[in-house]
Each structure stands twice: as C-alpha cells, then as structure tokens.
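Descriptive structure summary
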Amino acid sequence: MGLSNWRRPIQSIALVLAGVLALTSCAGAAGGGSTQGGQSQSGQAQHDLVVGATLEPASMDPWHNTAASIPQVLLYNVYETLVKVDQDGKICPLLAREWEISADRTEYTFHLNPAAKFASGAPVDAAAVVANIDRLKADAKLTETLKLQLAVVDSATALDSQRVLVKLTRPSMMWLYDMSSTLGMMVDPAAASNGVDLSKQSAGSGPYTVSKHNQGVSVVLAKSATYWGTPARFDEVTFRYFGDPNAMNAAMLAGDLDVISNLQAPDALSQFSDTSRFTTLKGTTNGEVVMGLNNDNEALSKLEVRQALTMAIDRKALMDTVWNGQGTLIGSMAVPTDPWYEDLFNTYPYDPAKAKDLLKQAGYAKGLKLRFRVPVIPYAVNSAKFVASQLRDVGVDAEIEELEFSRWIPEVLTNGDYDMTIVAHVEARDLGKFADKNYYWHYGNPTFAKLYQEADEADQATGVELMRQAAKLLADDCAAIWLFALPNLVITKASVVGVPANQATLSFDLTTVASR
Amino acid sequence: MRRVAAKLAVFALTLLGASALIFLVANALPGDVAQVLLGTDATPSAVAELRHELGLDRPLAVRYLEWLADVLHGDFGTSLLSGDRVTDLMAPRIAVTFWLVGLGMLGSILVALPAGMAAALKRRRWPGFAISAAGQLGMSVPAFWLGILLVMVFAVGLGWLPANGYVPLGANPGQWLSHLVLPVATLALVQAAVLLRYVRSAFVEVLDEDYYRTARSIGWTPFRALLRHGVRNAAVSLVTVVGLQVSTALVGAIVIEQVFTLPGLGSLLLTAVAQRDLVVVQGTVMFLVLAVLVVNAAVDVGYTLIDPRQRGGRV
C-alpha cells in the first residue's frame, strides 16, 4: 500500500538563513533514559526493545527498493541525514548544524557538525557528503522516486572540510524536504572498500547499526558503540514482523512486545484499554485513503459525475464503520501535518438526493455501471463494500473486484485498467502526483500542474499559499474522493516513553524512545 | 529388484510431472517479481528492462528446462528478490517445519491411539460416545481458530507461554520448546481428531476377529488382547492413514505458521507467492512434494516391517 510519489510540492518550513534556531525546538528528546529495558525474546532482563511491525523489508537497501518498510527501520536510527523532519513536520538540523539558502533559492550551503562520524569512525565531512550525492547521481538503477528527487541537483562541492555547497537547476523547496528522507541518508563512502554489503549490513552514522536480518522473522538493530550524539538507550532493538494483525495483538497482550508500531485493526483498540499496562497514542499519518477515479473513463471525466459520487458517500459513517471512527476526515490530498492543510471535508457534503440530480444532469438518469477494482487490503475491501452499497442507492452499479496487491499494481496502478479503486497513499506531501497525467488517476488538469510547479519554485510564504490553492482546486474538481486519513495508532507498554505520536516521516524514530 | 526399480521409476516420473505442474502454475500467476523489485513507482519500460535482465521474457519451455537441469544438479537457484540461494533460504525453515510437523504428528498419535482404543473398547457405553463426539468436534474446528483459542488462554490469559514467534533449538533449547508447545498442540489436536476415527474403526474390526475372541476366551483382559494381537493388525491400515496425514499436516502447517508467526516453509511460500519470487515458490513446493513422496515410500517400507506377508515377494 506504500505508494511513492512522483513529485512533491514545496513545503513551508521557515528555513530562512539558518537552522540554528530550530535546533533548540527540535532537541526535545525524551529525557532520562533509564536502564530498565523491555523483556527480550530470550527472557533475560536486558536493555532491549521489541517493536511489532507489519511489513518485513526484503533487504536493507532503500536505494533500489521503494518499500516503505526499509526506511521505517533505517532512517534516523541507522542512517542520518543532513536535516531531519520532526513529528510536527518541521525541518531540524541533524548532520548539518545550519544551512544557508541563496537569494535565488538555487544554492544551499550546509555547515556540517564536526562531531559527526560514521560507525567505522570515519568523519561525516564535506567530502563524504559530496561522495554520497555523486554516488546516487551515478547510480543508473536508483529507484524512480529517488531519481526524480535528485534530478534538480546540478552539483555538490566541498567548500572546505565542513561546508558543502549544493547547486540546484531550479528553485525547489521540496528538495530539502526530500533530503530529510531516503534521498539524504549518508553512507560511509568507505563501505564498499570495507566489504560492507549494503543490502544486508549497514554503514551509517546513526545511534544503531543493523545487527541481523532474520528472514521472515525480524530485523535486529544493535547500539552503535561509537555514536557521536546522545547514545542509544537500548542495547538491542528488534523489529518483529507479523503477517497477521491478530498475532501481533496477541503478542502485545502476552507481553512479548514492547511497542506496536501501528495498530492494523482499530477494532482491537479496546483490548489495550488497561492503562496500567498499556499506553495508546493516537496520532496522524501521511496516509490518505484515496478512492481513485479513472479520469479517462467517459463518465468519470464529467465533473457532475465525480461530484455526484462524492456526495453519495457518507464518509463520516464510512470511517466509523470501517476504521472504528479512528482517523481524520479530509477533503483533499493533504493531511493536518501539511503546512498548507485546511479542512476541506465539507466541500461536497453527503447529499444523496443532490447526487441523483447531478447524475441525471450528466445523462445517467437510467443508471451507471463502473468497475470497482480494489486491492485485498482490509481498509480497501471494507471501504469498497460500504461505498458500493451507498452508490447503489443513487443508481450507480459499482462492481467490486478484489485483486491481490501484486496483481493490482500492474493492472490498476501501471496500466490504469479500472474505473474506481481504493488505496492509501502513505508518502508525505504527495499532492504533486495529481500533476502527472500518466499516473493512474489520469487527472492531468493543466491548471493544477501549473499551480503546483509555481508553488514548488516560489519562496516559502507564496509557496504555501499556492499549494493551499492547489489542494483546494483538487477538492473543488473532485479529482478523486478522499475517504479519510489513516490514524497512527501506537500501543506501548506503560513503561515505554518517548514514542512519537505522529507518523510525519517514513522512520519509526527510536532516538527519543526510552524505557522506565 | 524389479519392484524396487519400478518404484523408483514411478517416484522419478511423479517428481518430473510435479515439477512441470509447479512451474506452469507458478508462472501462470499474474504480476511479476520485476514489478515488486522496482516498486510501485517503476515505469513500464523499466519493468520490461528488468524482466529482460532476469530472463523472465524468454519462452516458458526454455526457462523450465534450465530450471529442471539446475534442480537435477541440486541447485534450486537464487531468489530473484533477495539474491540469496534458495537452499540457504529453505534450510533454517525446513528445520522449523520439520519440528512442527514431526512433533505434531507424534503428538497426534500419542493422543489418538489410546483414545481410539478406548473408544473402540467402550464403544457401546458413554466413554466411547464421549470420545467419538470429542473427535467429531475436533474435526470441525479450524486449525487457525484452535490456535487463536490456545493463544488467548495460555499466552494472553495465563501468561505461561509466548503467544508466537520462534527461537532456534541451537540458540536456546528452553525457549525453543516454549515457543513450539502451542503450535504443536494445535496441529496435534486437529490431526488427532481425524486419526482417532481411523484408530477406532481399525480396532473395532479387530474386536470381531477370531484371534481376539480366542485370546479373550483363554482369559486375557480386553486391553492385553488388543495390545498383543490388535495393534499389529490395526497398524497396517493406520500406517497408510498416518502417511496421508503427514501430507495434510504439511499443508496445515502453512496456516499454523501464520497464526504463530513461525518462520517455516509455509510462511516462506506465502511470502514468495505474494512477492512473485517464483524461483523460491518452485523450490519450496518441489521440496514439499519430495517430502510427501519420501513419506509415501517410507509407508511402503513400513508395511513390509509390520506385515511379514508383504515380504513374500523377495524385495
């Protein structure tokens, strides 16, 4: 369900001339990591943490595989970036202490933290940063997402040992945001010559290193003894993977897990209501559950039809039914942690009578038949059933066809062989996907594409305002139907503190987590 | 000698047929590993390029024969997704499935044999009815449901055992055992419920035999008579059933491995199918087929050990 983005909008964080100010506001790590760790699998009292997660990564290499499960483990924990996004969506310093942006917004100068070093002991200096950017630029097999993000980079040069100058081909504030994620993960340039296989091992500068990947079971991170910052609070952190959400809940209830990274079945929330044993965090994610409409379909190319479908669905009731009322009701491709977010949920409120009228106006008084091809993912299948029954009431016959995800990708996502579908888009700030006519929605409204491009190239304040207009345009135009935004439901043992409530990045950030 | 040669020929032909079938079915799955490897953002041209690079665009027959030749040399290939050798991926998982199925079958026999004998002996009184009814109930309970029930009681409720997961025997024998108790019990109980019926009817047949009545008439207790004369006679049909049950247990293990998140062959197979890692799918299914055939061969040998009459043909 992790869809990666093509292009991303500009983002609004005020990064004016220096990030130093941000340093103070971003340093809010959970205080006082103590020595009592979670129970390890082997039952000994160690300073360990066991995290339950859903999708197992196929490898430890995020540069050639887009699976979101890889940065979930690696980002900020194992590999660090020049800048980091905190749980409120704000850009903070990490390997770079501060940075400057030229007046035309095409030149970034990063001042590196002189203390920073890789697990091997080598410094994270300007030469290492340049080597990383050059390495990705030279890599023909890089994922499409990273290639696109990297395309705006013209050159990277070391000004001296601690300063790096990056020139862009055009202004793009999204680039800095991308650098806070997979694109910006700094690898020890000596990794290859040290014989490190990056698909199985790690060569980062973070507080943890990849210790072991037990195929089909878990990924184990070990404390990096040489970490340059605040030392890791756990000797070992294990991400255990569960194909079955019930098995994960049972393991948590039985005390085998310290954290459920994101509860997959919101109905199960009540099982963890005992606050003396468990803490429940309800935050936001970047995951918009999008009911995609194929704008190439003759009926769906008509605005009245798209409006009618939107108004025929009681999305509040849908979220209550399908996701236990957890999540955020949204009306466009933006979530509350996005700087340009505004509540557009009521753009076209639930009104089945009006929906029928609109369908009549569009020439579908006698009914309309649409193929509803959804991937077999709990929220998608359940939402589809709910939607189909409501559409029937306004005379639209939505034929549900459930597709295994590995079949859904080539048929629906790649070939666009569908009329309506449902999938969550979990990438951050992924509004720009609607600018691409070839993407599976086939929306490609030139006004939107132009607005989006302008927003990305503008300065901060203008950029955010333009992006807000772009999001509003998508809502008014019913480019898709936004069912709801997925919640971030984290369950921890009562003794575990510092887990971020919001999932603002791809990382399951361990750097603030501690155990009492 | 001729019988052995004939059996071996059938064995080889079955394997060959199975390999062709496995290859065809695996390759008929829509979707492919190139798409999975490149992720959801890949362009169709990049997918086509990778398919070419992986050789997935060559004719089916060519790929089949190449794969077959490699398998005959003991090379199951390398995973298209992780690049690991399929044999390396399977080895630790074979151990997990072996313990689960082996101990599960052993457990089911230990439960079904005495219970079935008792049900046969007391078949007209309430203990007999009670045991048969329990068996019926056990047969109608799905394995995953029983697994969840056991987890809820013994892991979540009582906290005696871990809910799921696995620790290898070599890493920590105590933990290994505690992680296996619930899945093995689940498999054993479900299998025992089926086996129980066969044990009961096999012994009921023995009760009508002349040799049993003779033994009883010279003063042996029913239990002694059954044990001395009945077991060996009932065993011939029971070995067949147990042999067949190993195959169903291997399939049942796939479900149980999911419920208990055991890293066995079943979960490897499920993941590989979902990711369209066909080389791993083929290798795993091939191994399972081989395992079933070997068990069947062992059943054949078992007959000759149990029943001296089968040895007449001079093996």
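If you're wondering where the values come from, they're calculated on a predicted model, not measured in any experiment. (Residues numbered from 1 in each chain as written. Chains lettered and ligands numbered in written order. Predicted model: local features only at pLDDT ≥ 70, side-chain atom pairs only at ≥ 80, totals over all residues. Heavy atoms only, no water.)

**A look at the interface of chain A and chain B**
Formally: Contacts were defined at the residue level, with two residues in contact if any of their heavy atoms lie within 4.5 Å. Buried area: the accessible surface (1.4 Å probe) lost by two parts on joining, summed over both. Think of a salt bridge as a Lys or Arg side-chain nitrogen and an Asp or Glu carboxyl oxygen that are within 4 Å of each other. We define a polar contact as two N or O atoms separated by no more than 3.5 Å, with the added condition that, inside protein, one atom must be a possible hydrogen donor and the other a possible acceptor, whereas residues neighbouring each other in sequence contribute only through side-chain atom pairs.
Taken residue by residue, the interface counts 36 residues in chain A and 35 residues in chain B. Between chain A and chain B, the buried area comes to about 2,800 Å², and carbon and sulfur atoms account for 52% of it. Between K200 of chain A and D84 of chain B there is a salt bridge, with the nearest N and O atoms lying 3.3 Å from each other. Counting the contacts that link chain A with chain B gives 5 residue pairs in polar contact (both at pLDDT 80 or more).

**What to know about the sheet that holds strand 7 (residues 153-158) of chain A**
The pairing of strands in a sheet happens through backbone hydrogen bonds and is either parallel or antiparallel. Residues and elements named next belong to chain A. Spelled out, the test is: Here, a strand pair is defined by DSSP locating no fewer than two bridges between the strands. Think of it this way: any DSSP run of H or I at least four residues long counts as a helix, any run of E at least two long counts as a strand, and we number them from the N terminus. With axes taken as lines fitted to C-alpha atoms, and helix axes fitted only over the stretch in contact, angles between N-to-C directions fall between 0 and 180 degrees.
With respect to topology, 4 strands assemble into an open sheet ordered 5-6-8-7, the strand pairing being antiparallel. The open sheet terminates on both sides in strands that have one partner only, identified here as strand 5 (96-101) and strand 7. Adjacent strand axes in the sheet meet at a mean angle of 20°, parallel and antiparallel pairs treated alike. Here strand 7 runs beside strand 8 (residues 163-168); their pairing, made up of 5 bridges, is antiparallel. Across the sheet, the residue bridging to S155 is K167, located in strand 8. Running over the sheet, helix 3 (residues 126-138) touches strand 6 (107-112), strand 7 and strand 8 and is turned about 155° from strand 7.

**So, the pattern of salt bridges**
Residue and element names in this part refer to chain A. So the rule is basically this: Think of it in three bands: residues with accessible area under 20% of the maximum for their type are buried, residues over 50% are exposed, and the middle band is partly exposed, with areas taken using a 1.4 Å probe on protein chains only.
Overall, the coordinates contain 28 salt bridges over all chains when judged by the stated rule. A salt bridge links K493 to D258; the shortest N-O distance between them is 3.2 Å. Here the residue K493 occupies a position in strand 17 (residues 481-493), and D258 occupies one in the loop between helix 6 (245-253) and strand 12 (259-260), the gap between them amounting to 235 residues. With a relative accessible area of 1%, D258 lands in the buried category.

**A look at helix 4 (residues 60-72) of chain B**
All names here are of chain B. Heads up, the condition is: Multiplying 1.5 Å by the residue count of a helix minus one yields the expected span of that helix. Within this analysis, the arc is defined by the directions that extend from the helix axis to the C-beta atoms.
If you check helix 4, its first and last C-alpha atoms are 18 Å apart, about what 13 residues at 1.5 Å a residue would give, namely 18 Å. By the burial criterion, the buried members of helix 4 are R63, Y64, W67, L68 and V71. Along helix 4, the residues classed as buried sweep out an arc of 130° about the axis, all on the same side. Pointing more than 90 degrees away from the buried face of helix 4 are the exposed residues L65 and L72. Structurally, helix 4 contributes buried residues whose contacts are with helix 1 (2-28) and helix 12 (278-306). With its phi angle positive at about 80°, G74 sits one or two positions after the end of helix 4.

**What about the domain arrangement of chain A?**
All names here are of chain A. Formally: Where each domain starts and ends comes from a domain assignment, either automatic or drawn from a database. Nonpolar residues are Ala, Val, Leu, Ile, Met, Phe, Trp, Tyr, Cys and Pro. Charged residues are Asp, Glu, Lys and Arg, and all others, Gly as well, are polar.
One can read the domain layout of chain A as domain 1 (4-205 + 495-515) and domain 2 (285-487). In this complex, domain 1 contributes 25 residues to the contact, which on the side of domain 2 involves 25 residues. Taken over both partners, the interface formed by domain 1 and domain 2 buries close to 2,200 Å², and the fraction arising from carbon and sulfur atoms is 53%. There are 2 salt bridges connecting domain 1 and domain 2. Across the pair E457 and R170 runs a salt bridge, and its minimum N-O distance is 3.5 Å. Here domain 1 is connected to domain 2 by 6 residue pairs in polar contact (both at pLDDT 80 or more). Of the residues belonging to the side of domain 1 that touches domain 2, the class tally is 10 nonpolar, 10 polar and 5 charged.

**Details of the pairing of strand 13 (residues 278-293) of chain A**
Residues and elements named next belong to chain A. Strand 13 sits mainly inside the fold: 12 of its 16 residues count as buried. With 11 bridges joining them, strand 13 and strand 17 adopt antiparallel strand pairing. Pairing of E288 across the sheet is with A485, part of strand 17. Of the pairings in the sheet, the one linking strand 13 to strand 16 (residues 420-425) comprises 6 bridges and is antiparallel in character. Bridge pairing links G292 to T421 in strand 16.

**A closer look at the domain arrangement of chain B**
Quite often, the size of an interface is put as the accessible area lost when its parts meet. Residue and element names in this part refer to chain B. For chain B, the domain assignment lists domain 1 (2-72) and domain 2 (90-310). Computed over C-alpha atoms only, the centres of domain 1 and domain 2 are separated by 33 Å. Around 1,500 Å² of area is buried between domain 1 and domain 2 when both sides are counted, 76% of it from carbon and sulfur atoms. When the buried area of domain 1 at its contact with domain 2 is split by residue, F11, L15 and I22 rank highest and sum to 32% of it. On the surface where domain 1 and domain 2 come into contact, there are 1 salt bridge. Its salt-bridge partner being K7, residue D300 comes within 2.9 Å of it at the nearest N-O pair. Looking at the side of domain 1 that touches domain 2 element by element, the count peaks at 11 residues for helix 1. Class assignment for the residues of the side of domain 1 that touches domain 2 results in 11 nonpolar, 4 polar and 3 charged.

**Some details on the nonpolar core**
Residues and elements named next belong to chain A. For clarity, the threshold we go by: The criterion is simple. A nonpolar core is a set of buried Ala, Val, Leu, Ile, Met, Phe, Trp, Tyr and Cys residues joined through side-chain atoms within 4.5 Å.
M291, L309, M420, I422 and F434 are the most contacted members of the largest nonpolar core, which totals 81 residues. Setting aside residues no more than four positions away along its own chain, I422 makes contact with V289, V290, M291, F372, V374, P375, Y379, A380, S383, A384 and L483. With 74 residues, the next largest nonpolar core counts I91, V129, L142 and A191 among its residues.

**So, the pairing of strand 15 (residues 396-403) of chain A**
In the sheet, strand 14 (residues 368-375) of chain A pairs with strand 15 of chain A via 8 bridges, with the strands oriented parallel. When the bridges of strand 15 of chain A are listed, R371 of chain A appears paired with E399 of chain A.

**Re the confidence of the model for chain B**
Any region with low pLDDT has predicted coordinates that should not be read closely. Applicable threshold: pLDDT expresses how confident the predictor is about each individual residue, on a scale running from 0 to 100.
Residues with a pLDDT of 70 or more make up 97% of chain B, whose mean pLDDT is 83. Predicted as a complex, the structure gets a pTM of 0.81 and an ipTM equal to 0.77.

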